[in-house]
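Below are the chains, spelled out letter by letter.
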Amino acid sequence: MQKTVLTSLCLAMVVGLLFFGISNNNAYANQGRWIMEERCTTCHHLDRIQRMAYQYDRYGWERTVNRMMGKSSFLAPMTDAEREALINYLASL
């Protein structure tokens, strides 16, 4: 009896941790998408960004975001967490 309860409790904890991790990753991806739509599309069309996704890896997106942050007041006030979310999202396209 105790072994069944303990097994069920452990299984519930694992499922909960998996769900939290998945929902947390989705929230992070959604934040990156929101930043792209709010800031990047003030100058660039979505189709251009999507075309570039085939040409850039993560390092390419890091360089591009850093360069754009230096050019545009729309990207300049970005926090480190926002920058990371944007780069992660762009690299996942």
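Residues numbered from 1 in each chain as written. Predicted model: local features only at pLDDT ≥ 70, side-chain atom pairs only at ≥ 80, totals over all residues. Heavy atoms only, no water.

## Let's talk about the overall build of the protein chain
Okay, so step 1: A tally of helices and strands in the protein chain yields four helices and zero strands.
Okay, so step 2: Secondary structure elements of the protein chain, listed N to C terminal, follow the sequence α-α-α-α.
Okay, so step 3: Evaluated residue by residue, the protein chain yields a buried proportion of 26% over its 93 residues.
Okay, so step 4: Taking all contacts inside the protein chain whose residues are at least 6 apart in sequence as the whole, residues at least 24 apart take part in 64%. (Helix = DSSP H or I, 4+ residues; strand = E, 2+ residues; numbered from the N terminus. Buried < 20%, exposed > 50% of the residue type's maximum accessible area, 1.4 Å probe, protein only. Contact = heavy atoms within 4.5 Å.)

## Quick look at the pattern of salt bridges
Two side chains bearing opposite charge may form a pair once their charged atoms approach each other closely.
Okay, so step 1: For the structure on display, the rule yields five salt bridges.
Okay, so step 2: Across the pair Arg39 and Glu82 runs a salt bridge, and its minimum N-O distance is 3.8 Å. Residue Arg39 is found in helix α1 (residues 2-39), and its partner Glu82 is found in helix α4 (residues 80-92); the two are separated by 43 residues along the sequence.
Okay, so step 3: By relative accessible area, which is 16% here, Glu82 ends up buried.
Okay, so step 4: Measuring nitrogen to oxygen at the nearest pair gives 3.2 Å for the salt bridge that ties Arg58 to Glu62. (Salt bridge = Lys/Arg side-chain N within 4 Å of Asp/Glu carboxyl O.)

## Regarding the packing of aromatic side chains
Okay, so step 1: As enumerated under the stated definition, the model contains one aromatic pair in all.
Okay, so step 2: Note on Tyr56 and Trp61: the rings are 4.8 Å apart at their centroids and 85 degrees apart in plane angle, and the pair reads as edge-to-face.
Okay, so step 3: Judged by its relative accessible area of 26%, Tyr56 is partly exposed. (Phe/Tyr/Trp six-rings, centres within 6.5 Å; stacked < 30°, edge-to-face > 60°.)

## A word on helix α2 (residues 46-53)
Okay, so step 1: All buried positions along α2 are accounted for by Ile49, Met52 and Ala53. The arc that holds every buried residue of α2, seen down its axis, measures 110 degrees, which confines them to one face. (Arc of directions from axis to C-beta.)

## Observations regarding the packing of helix α3 (residues 58-71) against α4
Okay, so step 1: Where α3 contacts α4, the two axes come as close as 9 Å, and the packing angle between them is 135 degrees. With respect to α4, the axis of α3 lies oblique. Pair α3 / α4 crosses with right-handed handedness. Here α3 contributes Arg58, Trp61, Glu62, Val65, Asn66 and Met69 to the contact with α4, which in turn contributes Arg83, Glu84, Leu86, Ile87, Asn88, Leu90 and Ala91.
Okay, so step 2: Among the residues making up the contact of α3 with α4, the classes are represented as seven nonpolar, two polar and four charged. (Axes fitted to C-alpha atoms, helices over the stretch in contact; angles between N-to-C directions. Parallel < 35°, antiparallel > 145°, perpendicular 65-115°, else oblique. Left-handed = near helix turned anticlockwise from the far one by under 90°. Nonpolar A, V, L, I, M, F, W, Y, C, P; charged D, E, K, R; others polar.)

Purely geometric stuff here, so don't read any function into it on its own.
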